[in-house]
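Structural description and commentary
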Number of protein chains: 2
Amino acid sequence: MATARGLMGLKLFHAWGSCSLASLIALEDAGADYELVVMDTQAGDQRKPEYLAVNPKGRAPALVTDRGVLTETPAILAWIAQTWPGANLAPLADPYAFAQCQAFNSYLCSTVHVAHAHKHRGSRWATTAAAFADMTAKVAENEVACFRLIEDEMFQGPWVLGETYSICDAYLFTLFGWLEGDGVDPRQFHRLWDHSQRVAARPPVRKVLARQAA
Amino acid sequence: MATARGLMGLKLFHAWGSCSLASLIALEDAGADYELVVMDTQAGDQRKPEYLAVNPKGRAPALVTDRGVLTETPAILAWIAQTWPGANLAPLADPYAFAQCQAFNSYLCSTVHVAHAHKHRGSRWATTAAAFADMTAKVAENEVACFRLIEDEMFQGPWVLGETYSICDAYLFTLFGWLEGDGVDPRQFHRLWDHSQRVAARPPVRKVLARQAA
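What you see is a predicted model; the values in this text were computed from it and never measured.

Criteria and thresholds
All residue numbers refer to positions counted from 1 along the written sequence of the respective chain. Chains carry letters and ligands carry numbers; both start at the beginning, A for chains and 1 for ligands, and go up in the order they are written. This being a predicted model, a pLDDT of at least 70 is required before a residue's local features are given, and a value of 80 or more before pairs of side-chain atoms are given or counted; all residues contribute to the totals for chains, interfaces and linings. The basis for the side-chain values is all heavy atoms of the structure; hydrogens and waters are excluded. For two strands to be treated as a pair, DSSP must find at least two bridges joining them. Numbering of helices and strands starts at the N terminus; helices are DSSP runs of H or I of at least 4 residues and strands are runs of E of at least 2. Between N-to-C directions, angles cover 0 to 180 degrees, with each direction set by a line fitted to C-alpha atoms, over the stretch in contact for helices. Two residues qualify as a contact provided that any one of their heavy atoms is within 4.5 Å of a heavy atom in the partner residue. Within 6.5 Å between ring centres, the rings of Phe, Tyr and Trp (the latter by its six-membered ring) count as paired, and their orientation is classed by plane angle as stacked under 30 degrees, edge-to-face over 60, tilted in between. Residue burial is assigned from relative accessible area. The probe radius is 1.4 Å, only protein chains are included, and a residue is buried under 20% of its type maximum, exposed over 50%, and partly exposed in between. Here, a salt bridge means any Lys or Arg side-chain nitrogen found within 4 Å of an Asp or Glu carboxyl oxygen. When the copies are superposed, the least-squares fit draws on C-alpha atoms of residues that have pLDDT of at least 70 in both. By nonpolar core we mean a set of buried residues, namely Ala, Val, Leu, Ile, Met, Phe, Trp, Tyr and Cys, connected to one another through side-chain atoms within 4.5 Å.

Residue and element names in this part refer to chain B. Sheet architecture is open: four strands sit in the order β2-β1-β3-β4, paired in mixed fashion. One side of each edge strand has no neighbouring strand; the edge strands of this open sheet are β2 (35-38) and β4 (68-71). In this sheet, adjacent strand axes meet at a mean angle of 20° when their direction is disregarded. Packed onto the sheet, helix α2 (residues 20-30) meets β1 (11-14), β2 and β3 (62-65) and runs at close to 150° relative to β1.

As structure tokens, then:
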């Protein structure tokens, strides 16, 4: 009863094409009951007062729970894993393995996502068109370096953390999906390409992708 | 015995002036027994083969444990909190409160640290001197926006998460300490300035800062 009440009113603010896809997949992986609120970032929904009242950062995702609002993908993913332990989405019982899970997700948010953001979001860090163009031109090189490091040093296989699918797989799948649009051939990363195909074939992910296509 | 063995050989690769200060403070907060390896990033220690063998990312921090190497500040901090639960460095028993802790640290690594890095590390994301200068010129504005958001929306007080000191306080203290060097007056953030003074006065932090000054 406490659990059921705790999950009443769960609501994910999501934008297609953004990193909030990882949280959406994890909610489906967990079998969670939630409401999906799709924002149109092209129309600036994330900057409107009604969303800033939910998440003052003005970014997706935000997950509304009955305790309050959670933001930041690594935190939301870990919360989902801890709230639905039966879904086995993270190595919760082993602090070292959990730390490796967190380290992977932390690298994705602080380095890989940031590398990608310099393509279209240069105005966060500079002001001139010349600087934006300079940043954009370097994005592919940085992304190749990031995913080469992931494939060679971090990815255990067949899933990110080894034998068991986890929240890291949903997050990796999300960011890996940006490569083609950024002019990087994802097939050069043989193990990660194979991984992305296997993630896409999972029923919770197929459900999410069908919703996007609808 | 298992615990003692588990902590044998704990070694933190640290650089003064880097975000690894947060992990160093947390180890002191926990009362951990560890070896400190100080790297000279000006001399490029973090890019030398012997360190790349430990951490292929070529960045500080790295924490060597008998299970393997941990990287990424939010993951290291959570691991320290989980490994020394008696130090009460994170709300481990409450997934929602732990997620807020993780969200705070995730914001620091993916947004605040990244904002700072554009001052001297522009070559990560661009190639021209003009772009570096453009990025550098925007750093103070971005940092003010970040710490204004932290002070007004995220910081509970008297500590980051409220009544209890946590790993978030060590991490906030570390990044807040960069403001003055980046040309931002930290005193404009009254609650965070007061916080930084209280963190600096804690015995574990005084021990760390004395070591830096030595």
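Next up on the list: the packing of aromatic side chains. All names here are of chain A. For the structure on display, the rule yields 13 aromatic pairs over all chains. Consider the rings of Trp79 and Trp84, whose centres lie 5.8 Å apart with planes at 85°: the pair is edge-to-face. Here the two residues Trp79 and Trp84 agree in accessibility, since each one is buried. Ring plane angle 70° and centroid distance 6.4 Å describe the contact between Phe176 and Phe189, whose orientation is recorded as edge-to-face. Of the two residues, Phe176 is situated in helix α7 (residues 167-176) and Phe189 in the loop between α7 and α8 (190-200); the sequence distance between them amounts to 13 residues.

Bringing the pattern of salt bridges into the picture now. Side chains that differ in sign of charge can pair as their charged atoms come close. Residue and element names in this part refer to chain A. Across all of its chains, the model carries 24 salt bridges over all chains by this definition. Here Glu72 and Lys57 are joined by a salt bridge, their closest N and O atoms 2.7 Å apart. Separated by 15 residues along the polypeptide, Glu72 in the loop between β4 (69-71) and α4 (73-83) and Lys57 in the loop between α3 (49-52) and β3 (62-64) bring together distant segments of the chain. Glu72 sits in the buried class, given a relative accessible area of 13%. Under the relative-accessibility criterion, Lys57 is labelled buried at 14%.

The next thing to look at is the relation of the copies chain A and chain B. Between the two chain copies there is a screw-like relation: a rotation about an axis and a shift along it. Under the fitted operation, chain A is carried onto chain B by 0.0 Å of movement along the axis and a turn of 180°, and the coordinates agree to an RMSD of 0.0 Å. Expressed as an axis order, the relation between the two copies is that of a two-fold axis. Closest to the rotation axis within chain A is the C-alpha of Ser110 of chain A, separated from it by 2.0 Å. Of the interface residues in chain A, 100% have counterparts in chain B that sit at the interface too, so the contact is made through matching surfaces.

Residues and elements named next belong to chain B. Among the eleven residues that make up α2, eleven are buried, leaving the element largely enclosed by the rest of the structure. The secondary structure elements touched by the buried residues of α2 are β1, β2, β3, α4 (73-83), α7 (167-176) and α9 (203-213). Downstream of α2 by a residue or two, Gly31 has a phi angle that is positive, lying close to 75°.

We now examine unusual backbone geometry. Look at the link from Ala60 of chain A to Pro61 of chain A: it is a cis peptide, with omega at 0°. Position of Pro61 of chain A among the secondary structure elements: in the loop between α3 and β3. The backbone of Asn88 of chain B shows a phi angle near 55°, a positive value even though the residue is not glycine. With respect to the helices and strands, Asn88 of chain B occurs in the loop between α4 and α5 (95-120).

The subject of this paragraph is the nonpolar core. Phe147 and Ile150 of chain A together with Phe147 and Ile150 of chain B are the most contacted members of the largest nonpolar core, which totals 118 residues. For Ile150 of chain B, the residues in contact, after removing those within four places along its chain, are Phe104, Tyr107, Leu108, Val112, Phe155, Leu172 and Leu192 of chain B.

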